[in-house]
Amino acid sequence: MENYKSKKWQEWKMAKPNIEGKLKQILIGMIISDATVSKHGKYALVKIEQGKEQEEFVSHLLFCLKDYCFEQKYNSRFDKNGNLKSYYFYYQLLHIQLS
């Protein structure tokens, strides 16, 4: 994961466009259903994670959100035996207004 205090991150988040329309609805649906939201400084991070069988879905979501995600790739998570468990990426809530 990138350093969220870096100059690159600070410049990027100020230039990031608002998320609108259907994409906003999809992200809200993911948050309501099975995404994880955590606080990172004064912002919230949304972690979208799906099991290894859902790699294509995670890849598609990341592609749809690519203009809004700081990291442009998804990551893999492994169990204690080194077996692939899931894929995930983070989305940082900055400009979303839920009204």
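Residues numbered from 1 in each chain as written. Predicted model: local features only at pLDDT ≥ 70, side-chain atom pairs only at ≥ 80, totals over all residues. Heavy atoms only, no water.

Caption draft 1: Local environment of the overall build of the chain. Along the chain, the regular secondary structure elements total three helices and four strands. Scanning the chain from its N terminus toward the C terminus, one meets helices and strands in the order α-α-β-β-α-β-β. Here the chain holds 99 residues, and 36% of them are scored as buried. Contacts in the chain between residues far apart in sequence, at least 24 positions, make up 60% of those at least 6 positions apart. If you sum the accessible surface of the chain, you get close to 6700 Å²; carbon and sulfur atoms cover 51% of it. (Helix = DSSP H or I, 4+ residues; strand = E, 2+ residues; numbered from the N terminus. Buried < 20%, exposed > 50% of the residue type's maximum accessible area, 1.4 Å probe, protein only. Contact = heavy atoms within 4.5 Å. Areas by Shrake-Rupley, 256 points an atom, 1.4 Å probe, with all protein chains shown as cover.)

Caption draft 2: Structural context of the pattern of salt bridges. Enumeration according to the criterion identifies two salt bridges in this entry. The structure contains a network of salt bridges with shared partners spanning K47, E49 and R77. (Salt bridge = Lys/Arg side-chain N within 4 Å of Asp/Glu carboxyl O.)

Caption draft 3: Main features of helix 2 (residues 21–33). Between the first and last C-alpha of helix 2 there are 19 Å, a value that for 13 residues agrees with the 18 Å anticipated at 1.5 Å per step. Of all the residues in helix 2, the buried ones are L23, K24, L27 and M30. One side of helix 2 carries all its buried residues, which in axial view fall inside an arc of 125°. Those residues of helix 2 that are exposed and aimed more than 90 degrees away from the buried face are K22, Q25, I32 and S33. (Expected span 1.5 Å × (residues − 1). Arc of directions from axis to C-beta.)

Caption draft 4: Representation of the nonpolar core. One finds I19, I48, L65, F89 and Y91 to be the most contacted residues of the largest nonpolar core, which totals 16 residues. For this core, the secondary-structure elements that each account for two or more residues are helix 2, strand 2 (43–51), helix 3 (55–64) and strand 4 (84–93). (Core = buried A, V, L, I, M, F, W, Y, C linked by side-chain atoms within 4.5 Å.)

Caption draft 5: Just the confidence of the model for the chain, in detail. Residues with a pLDDT of 70 or more make up 78% of the chain, whose mean pLDDT is 79. Of all secondary-structure elements in the chain, the lowest mean pLDDT belongs to helix 1 (residues 7–15), at 73, while strand 3 (residues 75–78) reaches the highest, 93. Confidence over residues 95–99 falls short of pLDDT 50; this stretch has 10 contacts with residues more than four positions distant or in other chains. (pLDDT = per-residue confidence, 0-100.)

Caption draft 6: Quick look at helix 3. Taken together, the buried positions of helix 3 are V58, L61 and L62. Projected down its long axis, helix 3 shows its buried positions confined to an angular sector of 100°, all on one face. Away from its buried face by more than 90 degrees, helix 3 exposes E56 and F63.

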